Amino acid sequence: MTLVQGKLSRNAVKEIQSICQSYGNDKGELINILHKAQDFCGYLPPDVQEVIAEELDIPVSTVYGVVTFYSLFVMEPRGKHHISICTGTACFVKGAMDVMDEFKLLLGIDLGETTPDGKFSMDSLRCIGACGLAPVVMVGDKIYGRVTPDDVINILDDYKDK
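For clarity, every value in this text was computed on a predicted model and none was experimentally measured.

Cut-offs and rules
Each chain carries its own residue numbering, running from 1 in the written order of its sequence. Given that this is a predicted model, residues contribute local features only at a pLDDT of at least 70 and side-chain atom pairs are listed and counted only at 80 or more, while totals for whole chains, interfaces and linings are drawn from all residues. Just so you know, side-chain values use all the structure's heavy atoms and leave hydrogens and water out. We define a salt bridge as a side-chain nitrogen of Lys or Arg found within 4 Å of a carboxyl oxygen belonging to Asp or Glu. What counts as a helix is a DSSP run of H or I of at least four residues, what counts as a strand is a run of E of at least two, and both are numbered from the N terminus. Whether a residue is buried, partly exposed or exposed follows from its accessible area with a 1.4 Å probe, protein chains only, as a fraction of its type maximum: under 20%, in between, or over 50%, in that order. By this rule, a helix spans an expected 1.5 Å times one less than how many residues it contains. What the arc describes is the spread of directions from the helix axis to the C-beta atoms. Every residue pair with non-hydrogen atoms within 4.5 Å of one another is taken to be in contact.

1. Quick word on the pattern of salt bridges
Any two side chains of opposite charge can pair, on the condition that their charged atoms come close.
Line of reasoning, step 1. What the rule picks out here adds up to 2 salt bridges.
Line of reasoning, step 2. One salt bridge in this structure joins Arg 78 and Asp 123, with 3.4 Å as the shortest N-O distance. Residue Arg 78 is found in the loop between α4 (60-69) and β3 (81-86), and its partner Asp 123 is found in strand β4 (residues 120-125); the two are separated by 45 residues along the sequence.
Line of reasoning, step 3. A relative accessible area of 19% places Asp 123 in the buried class.
Line of reasoning, step 4. In this structure, Lys 104 and Asp 110 form a salt bridge, with 3.2 Å as the shortest nitrogen-oxygen distance.
Line of reasoning, step 5. Residue Lys 104 is classed as partly exposed on the basis of its relative accessible area, which comes to 25%.

In structure tokens form, the structure reads like this:
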């Protein structure tokens with residue numbers, strides 16, 4: 001996505017409009033449209049939400065409400081490799097907080113932050129449904145199970161040159 005002085009480029013606006021049109025500008029497809037728009041843009045800043053609202057003929061507040069309700073949508077850019085640490089009951093009991101602390105230490109960031117080089121960002125989530133593998137860490141779409149603090153350096157090394 002290209003921003004021009006805080007605004008979307010003409011090409012970005014056209015692409016977002018095209019995404020909306022591919023779903024027939026149907027407000028019932030808002031979540032699918034938001035997914036595609038986030039795939040295209042990397043995140044859903046207010047300018048993107050405004051274009052979607054206009055195309056679907058719905059209030060921007062409706063789009064914003066959906067974006068802020070679902071944790072999979074983000075309004076700030078994420079790192080190239082986004083790390084999600086499960087803190088659901090099984091993961092918590094099996095040491096997720098120690099794993100999280102190790103990521104924080106090695107990356108020098110806290111939850112919701114991105115490394116200065118833009119390579120990694122990190123958050124926690126409640127459950128990914130892989131309780132038998134607790135504690136669980138996701139990097140992008142890849143799931144790491146039975147993670148210990150000692151495993152964290154190896155997980156990060158997997159993405160060192162990517």
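2. Quick word on helix α6 (residues 96-107)
Line of reasoning, step 1. Between its terminal C-alpha atoms α6 stretches 16 Å, which fits the 16 Å expected from 12 residues at 1.5 Å a residue.
Line of reasoning, step 2. For α6, the complete set of buried residues consists of Ala 96, Val 99, Met 100, Phe 103 and Leu 107. Around the axis of α6, the buried residues are gathered within 100° of arc, so they sit on the same side.
Line of reasoning, step 3. Residues of α6 that are buried sit in contact with β3, α5 (89-93), β4, β5 (137-139) and α7 (152-157).
Line of reasoning, step 4. Just past α6, the residue Gly 108 takes up positive phi, approximately 70°.

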